[in-house]
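# Notes for the structure review
So the chains spell out like this:
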Amino acid sequence: MANKKVTIRDVAKEAGVSVATVSYVVNGRTDLKISDETRKRVLQVINLLNYSPNQAAKALASKRKNQVGFAISDTDSVLKAADEMQVMKTVTKFLGDKNYDVFLIPPSRFENYGQADALICYDLDKSTFSAIGDCNFAPLLALDCYINDPLFFQINTNLERLKAAANKQFSGEKYQYVLLDTNNAEKKDFISDFFEDVLFVSSPDDIKKINLKNVLVSSEALLPFIPKKYNICFEPDTTKEKLELLYTAYEQAANRVPIENHNLCV
């Protein structure tokens, strides 16, 4: 809705409630029975659509605390946990240099983080992403996960970049793309369709399943576990360009800037 002024009817339609309900929520009516779930959904849509006539939404947008939440998945994989911490460390350093604080949102703890200006959800499945959204009013950013909802920014790796790097290094020879397993089904299917040979790994033992001498890797956390007998092409998922794109999306989301393209790849 970048070229259209958002109305109360737009908010009601997106939230799946009546116009009257939106009006009651934004005016803080407590004498009417409105469930917490409905109230949260309405306020979240107000934030996402930048419903400017609403003073509550304006206040939410203006009270910036320079704090960003980083949500991770619930995993038993040592490799996955190492990857999550590596990426969070990189994001924290990058945003720290811009005077932002990043705090960890542990798995399965998605209560209202009202102190955050935005929440970065790293490699989460759709249902978990939605669960976080249902509990929080802050804008959500999907990092390395496929959500495909025009209300939310998603910042993913450009697979064409990875393929080009592998084709260049291996001179057209066959290779296997080795990456960490994910609970995001859409992401897993898309990657499997894009590359000819893909191996998803959850444990160091899975590395033994590599079946080609040429290996493409994009997760830094995997590098120490892949034997040097393989020809490795390392093309990182987390680049400076991607972090800059994440920051731009964060600023636009936190300031409720209307924008058409929410699907960002680099």
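Because the structure is a prediction, the values reported are computed rather than measured.

Rules used in this analysis
- Residues numbered from 1 in each chain as written.
- Predicted model: local features only at pLDDT ≥ 70, side-chain atom pairs only at ≥ 80, totals over all residues.
- Heavy atoms only, no water.
- Helix = DSSP H or I, 4+ residues; strand = E, 2+ residues; numbered from the N terminus.
- Buried < 20%, exposed > 50% of the residue type's maximum accessible area, 1.4 Å probe, protein only.
- Areas by Shrake-Rupley, 256 points an atom, 1.4 Å probe, with all protein chains shown as cover.
- Core = buried A, V, L, I, M, F, W, Y, C linked by side-chain atoms within 4.5 Å.
- Contact = heavy atoms within 4.5 Å.
- pLDDT = per-residue confidence, 0-100.
- Pairing = 2+ DSSP bridges.
- Right-handed = clockwise from strand over helix to strand, strands pointing away.
- Salt bridge = Lys/Arg side-chain N within 4 Å of Asp/Glu carboxyl O.
- Axes fitted to C-alpha atoms, helices over the stretch in contact; angles between N-to-C directions.
- Polar contact = N/O pair within 3.5 Å; in protein donor to acceptor, adjacent residues only side chain to side chain.
- Parallel < 35°, antiparallel > 145°, perpendicular 65-115°, else oblique.
- Left-handed = near helix turned anticlockwise from the far one by under 90°.
- Nonpolar A, V, L, I, M, F, W, Y, C, P; charged D, E, K, R; others polar.

Attention shifts here to the overall build of the chain. If you tally the helices and strands in the chain, you get nine helices and ten strands. Burial statistics for the chain: of 266 residues in total, 47% are counted as buried. Total accessible area computed for the chain in this model is approximately 13200 Å², and 49% of it derives from carbon and sulfur atoms.

What follows concerns the nonpolar core. Membership of the largest hydrophobic core comes to 29 residues, with the highest contact counts inside it found for Val11, Leu119, Cys121, Phe129, Ile132 and Leu140. Breaking this core down by element, the ones donating at least two residues are helix H1 (8-15), helix H2 (19-26), helix H3 (36-49), strand E2 (101-105), strand E3 (118-122), helix H6 (126-135) and strand E4 (140-143). Take this core: its biggest share by element is five residues, from H3. With residues near it in sequence (within four places) discarded, phenylalanine 129 still touches Cys121, Leu140, Leu141, Ala142, Ile147 and Phe152. Counting 25 residues, the second-largest nonpolar core is a separate cluster that includes Val87, Ile120, Phe153 and Ala254.

This part covers the confidence of the model for the chain. Overall, the predicted model of the chain reaches an average pLDDT of 86, with 87% of residues at or above 70. Confidence over residues 53-61 falls short of pLDDT 50; this stretch has twelve contacts with residues more than four positions distant or in other chains.

Right, let's talk about the pairing of strand E6 (residues 176-180) for a bit. For E6, the buried fraction is high: five of the five residues fall into the buried class. Here three bridges tie E6 to strand E8 (residues 214-217), and the two strands are oriented parallel to one another. By the bridge assignment, glutamine 176 is partnered in E8 with valine 215. In this fold, the crossover linking E6 to strand E7 (residues 198-201) by way of helix H8 (residues 185-194) has right-handed handedness.

This structure, assessed with the given rule, holds ten salt bridges. Across the salt bridge formed by glutamate 235 and arginine 161, the nearest N and O atoms sit 2.9 Å from each other. One end of the pair, glutamate 235, is in the loop between strand E9 (231-234) and helix H9 (240-254); the other, arginine 161, is in helix H7 (residues 159-169), and 74 residues separate them in sequence. A network of salt bridges, in which partner residues are shared, links Lys80, Asp123 and Lys187.

The strand order across the open sheet formed by four strands is E7-E6-E8-E9, and the pairing between neighbours is parallel. Sheet topology places E7 and E9 at the edges, where each strand pairs with a single neighbour. Put simply, the sheet's adjacent strands are angled 25° from each other on average, direction ignored. Across the sheet, H8 is in contact with E6 and E7; its angle to E7 comes to roughly 150°.

Attention shifts here to the environment of glutamine 176. Checked against the element boundaries, glutamine 176 lands in strand E6. In this structure the C-alpha to C-alpha distance between glutamine 176 and isoleucine 232, which are 56 residues apart in sequence, comes to 9.8 Å. Setting aside its immediate chain neighbours within four residues, glutamine 176 contacts Asp197, Val198, Leu199, Lys209, Ile210, Asn211, Leu212, Asn214, Val215 and Leu216. A distance of 3.0 Å separates polar atoms of two side chains, one belonging to glutamine 176 and the other to aspartate 197.

With that out of the way, let us pick up the packing of H1 against H3. Here H1 crosses H3 at 125°, and the two axes come no closer than 9 Å. The angle between the axes of H1 and H3 places the two elements in the oblique class. Remark: the crossing between H1 and H3 carries right-handed chirality. Contacts from Asp10, Val11, Glu14 and Ala15 in H1 reach Arg41, Val42, Val45, Ile46 and Leu49 in H3. Grouping the constituent residues of the contact of H1 with H3 by class yields six nonpolar, no polar and three charged.

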